[in-house]
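Structural description and commentary
Here's the letter readout for the chains.
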Number of protein chains: 2
Amino acid sequence: MKEELELNMNAYLPLRDVVFLTLRDAILKGELKPGERLMEMHLADRLGVSRTPIREAIRMLEKEGLAVTIPRKGAQVAKMTENDLENVLEVREALEELSAKSACRKWTEPELEELKNATIAFEKAAEGNDVRDIVEKDEAFHDIIYKMARNDKLMEIVSNLREQMYRYRYEYVKDYNNYSRLVEEHEKILEGLMRRDIDYVTEVMHLHLKNQVNAVRETIREQSM
Amino acid sequence: MKEELELNMNAYLPLRDVVFLTLRDAILKGELKPGERLMEMHLADRLGVSRTPIREAIRMLEKEGLAVTIPRKGAQVAKMTENDLENVLEVREALEELSAKSACRKWTEPELEELKNATIAFEKAAEGNDVRDIVEKDEAFHDIIYKMARNDKLMEIVSNLREQMYRYRYEYVKDYNNYSRLVEEHEKILEGLMRRDIDYVTEVMHLHLKNQVNAVRETIREQSM
DNA sequence: GTCATGATTATTGTATGCAAAATGCATTTT
DNA sequence: AAAATGCATTTTGCATACAATAATCATGAC
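Predicted model, so just to flag it, every value in this text is computed and none were measured.

The rules we used
- Residues numbered from 1 in each chain as written.
- Chains lettered and ligands numbered in written order.
- Predicted model: local features only at pLDDT ≥ 70, side-chain atom pairs only at ≥ 80, totals over all residues.
- Heavy atoms only, no water.
- Near = heavy atom within 4 Å.
- Polar contact = N/O pair within 3.5 Å; in protein donor to acceptor, adjacent residues only side chain to side chain.
- Helix = DSSP H or I, 4+ residues; strand = E, 2+ residues; numbered from the N terminus.
- Pairing = 2+ DSSP bridges.
- Axes fitted to C-alpha atoms, helices over the stretch in contact; angles between N-to-C directions.
- Parallel < 35°, antiparallel > 145°, perpendicular 65-115°, else oblique.
- Left-handed = near helix turned anticlockwise from the far one by under 90°.
- Contact = heavy atoms within 4.5 Å.
- Nonpolar A, V, L, I, M, F, W, Y, C, P; charged D, E, K, R; others polar.

What surrounds DNA strand D is a group of 21 residues, the closest being A:L15, A:S50, A:T52, A:K73 and B:R51. Atoms of DNA strand D within 4 Å of the protein belong to the sugar or the phosphate in 72% of instances, the rest to bases. A:R16 is positioned with one of its side-chain polar atoms (N or O) 3.1 Å from a phosphate oxygen of DNA strand D. In the environment of DNA strand D, a base nitrogen lies 2.6 Å from a nitrogen or oxygen atom belonging to the side chain of A:T52. Only α2 (15-28) and α4 (51-63) of chain A together with β1 (37-38) and α4 (51-63) of chain B provide two or more residues apiece to the surface near DNA strand D.

A separate point is the protein's contact with DNA strand C. In the vicinity of DNA strand C lie 21 residues, with A:R51, B:L15, B:S50, B:T52 and B:K73 positioned nearest. Between DNA strand C and A:Y12 there is a distance of 3.5 Å, counted from a sugar or linking oxygen to a side-chain nitrogen or oxygen. Within the contact set of DNA strand C, a phosphate oxygen lies 2.9 Å away from a backbone nitrogen or oxygen of A:R72. Looking at the surface near DNA strand C, the elements with two or more residues in it are β1 (37-38) and α4 of chain A together with α2 (15-28) and α4 of chain B.

Residues and elements named next belong to chain A. What the three strands build is an open sheet, ordered β1-β3-β2; its pairing is antiparallel. Lying at the two open borders of the sheet, with one neighbouring strand each, are β1 and β2 (67-70). Alignment of β2 against strand β3 (residues 74-77), held across four bridges, turns out to be antiparallel. If you follow I70 over to β3, its bridge partner there is G74.

Residues and elements named next belong to chain B. Put simply, helix α5 (residues 82-106) and helix α7 (residues 131-148) touch, their axes get as near as 7 Å, and they point 65 degrees apart. The orientation of α5 relative to α7 falls into the category roughly perpendicular. For the pair α5 and α7, the crossing hand works out as left-handed. Seen from α5, the contacting residues are E96, S99, S102, A103 and K106; seen from α7, they are H142, I145, Y146 and M148. Partitioning the contact of α5 with α7 into residue classes produces four nonpolar, three polar and two charged.

Remember that side chains alternate between the two faces of the sheet whenever the strand is regular. Relative to strand β3 (residues 74-77) of chain B, β1(B) is paired through two bridges, and the arrangement is antiparallel. When the bridges of β3(B) are listed, B:R37 appears paired with B:Q76.

The strand order β1-β3-β2 (chain B) describes an open sheet built from three strands, whose pairing is antiparallel. Every other strand in the sheet has two partners, leaving β1 and β2 (67-70) of chain B as the edge strands with one partner each.

The following block contains the structure:
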């Protein structure tokens, strides 16, 4: 009885949040491209709402690093320079390492089970050609590791940093054929976590990141030309 | 001539930003206390603006972790549990360490000069009783170190994390008499940076954080009772 | 032809209005 | 007395209206 009520509450999220989620998704999936203007009227019409929730959603996107607004000129989808990428990566590396360490110490049996399933799901996705699915399953894999670390703040920050890179990867990944390496890396991470071998996991995680950055770097280069 | 224009431009920031800065300041300084409701009408009257910029400012505070809103119930100043504190601290530690390392490698002569001045300014402030001044000078000191690290993203994130702790420290610091330890720690950090001694700086920074956390932990305990 | 200039339009910024939901309180019911 | 009900009030959510600023384009001066 009570659960049904709660579910209803969830079902009708404030419009600003719906708009925020919708726009974020569009940015991450590349439907809204870096540099593209976010015009209030236009978005309002497209989404069938007034400007008010759009504006509030833009303020949120701004703080999440996905949009940039110049006062009295309007907002646009945030671009990333190669330098920004280096910066994000430097931070991510420190935090993914922290996350891997904590996860190593703290994971519980059901979580490990989840991670095994996520690994398999990713492998399955990697066999196909649905980029969205692949990226989604990759995210799911890493999200479980963050969850294992038992630190919501850490999770929030790393997710945001990943987000900022992913929206570039999305585009690129399309003709990025060696998923096999990713699959292998995931397997190694899983394996290391099972052994609670912090050093090993840290090292693999490090490589995993290094491989990603190159893909993103390419995309950014193209973008800025 | 041009500078005067720029100043004018700055002087007329969109209201949402003015409101955001004002509210953030009020939260950090403890004028708006954790748990306190942020009612749109009330704030609008107090600040002499309409609800629109207030609402946008609240969305920004939300994303910065300084406010929490429950849909259709309104926003309130974010509270921090002891667990949140541990989480923030764990992340901060990883990032302050990264920041110290980078700063060690990258600082330039004029920056070091700045840091020396900031150290002295902090010492002077610590002799007095103006808590705001002390906290401000402490922030300034650390900001220079972040700047040395040449990573805006890192700076942004660490600043935000510091912010979330500081608003608790502000209250507490009032009868926290041993600034001498802080002064000493700042001096050690400066000294280590001058020698570019990464291990030393990392260690002192670690202690510096550990000392802070206890002060904040106290305040949070009181708050939750 | 190019650069100013000014009118026109598009777009953002802010205020206000109205509907819906939450809250508080008195009254009733059990 | 405690719980439930209904009504008045407060507050949020969203839409709309109006003002201020920026962008566009056409016109005219050089």
